[in-house]
Amino acid sequence: MTLKIFHNVISFQVFVPEKSGWLRYRASWANTEVWHCEFTSQDGNEQRQKLITKDYAENIWERFKGKATCETQFM
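Description of the structure in this document. What you see is a predicted model, and the numbers here were worked out from it, not measured in a lab. (Residues numbered from 1 in each chain as written. Predicted model: local features only at pLDDT ≥ 70, side-chain atom pairs only at ≥ 80, totals over all residues. Heavy atoms only, no water.)

**Section: the sheet that holds strand β3 (residues 34-41)**
Item 1. Taken in spatial order, the 5 strands line up as β4-β3-β2-β1-β5 in an open sheet, and their pairing is antiparallel. The sheet is open, and its two borders are formed by β4 (47-53) and β5 (70-74), each paired with just one other strand. Between one strand and the next, the sheet's axes are offset by a mean angle of 15°, whatever the strand orientation.
Item 2. Bridge count between β3 and β4: 7 bridges; the pairing is antiparallel. Bridge pairing in β4 links Thr40 to Gln47. (Pairing = 2+ DSSP bridges. Helix = DSSP H or I, 4+ residues; strand = E, 2+ residues; numbered from the N terminus. Axes fitted to C-alpha atoms, helices over the stretch in contact; angles between N-to-C directions.)

**Let's talk about the state of the cysteines**
Item 1. Tallied over the full model, the rule gives 0 disulfides.
Item 2. Not engaged in a disulfide, the cysteine Cys37 finds its nearest cysteine sulfur in Cys70; these two sulfurs lie 13 Å apart.
Item 3. For Cys37, a relative accessible area of 6% translates into the label buried. (Disulfide = S-S within 2.5 Å. Buried < 20%, exposed > 50% of the residue type's maximum accessible area, 1.4 Å probe, protein only.)

So yeah, pure geometry; function would need other evidence.
What follows is the structure in structure tokens.
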């Protein structure tokens, strides 16, 4: 059984109704302190990417992990 704590998260995504799309977050393989954040609209017309810190990604996950709009993948 995997503990459902941020240390075991490899990726997660949150649906953003206001923007009609998904924010996907995934850990960087090259640097454990960096996470990739990607936004994709449902129609595929809008895409954005940026790098964020692991602490910021953890803060976002902690806020949304219990909501129906958040999907998490664990190790």
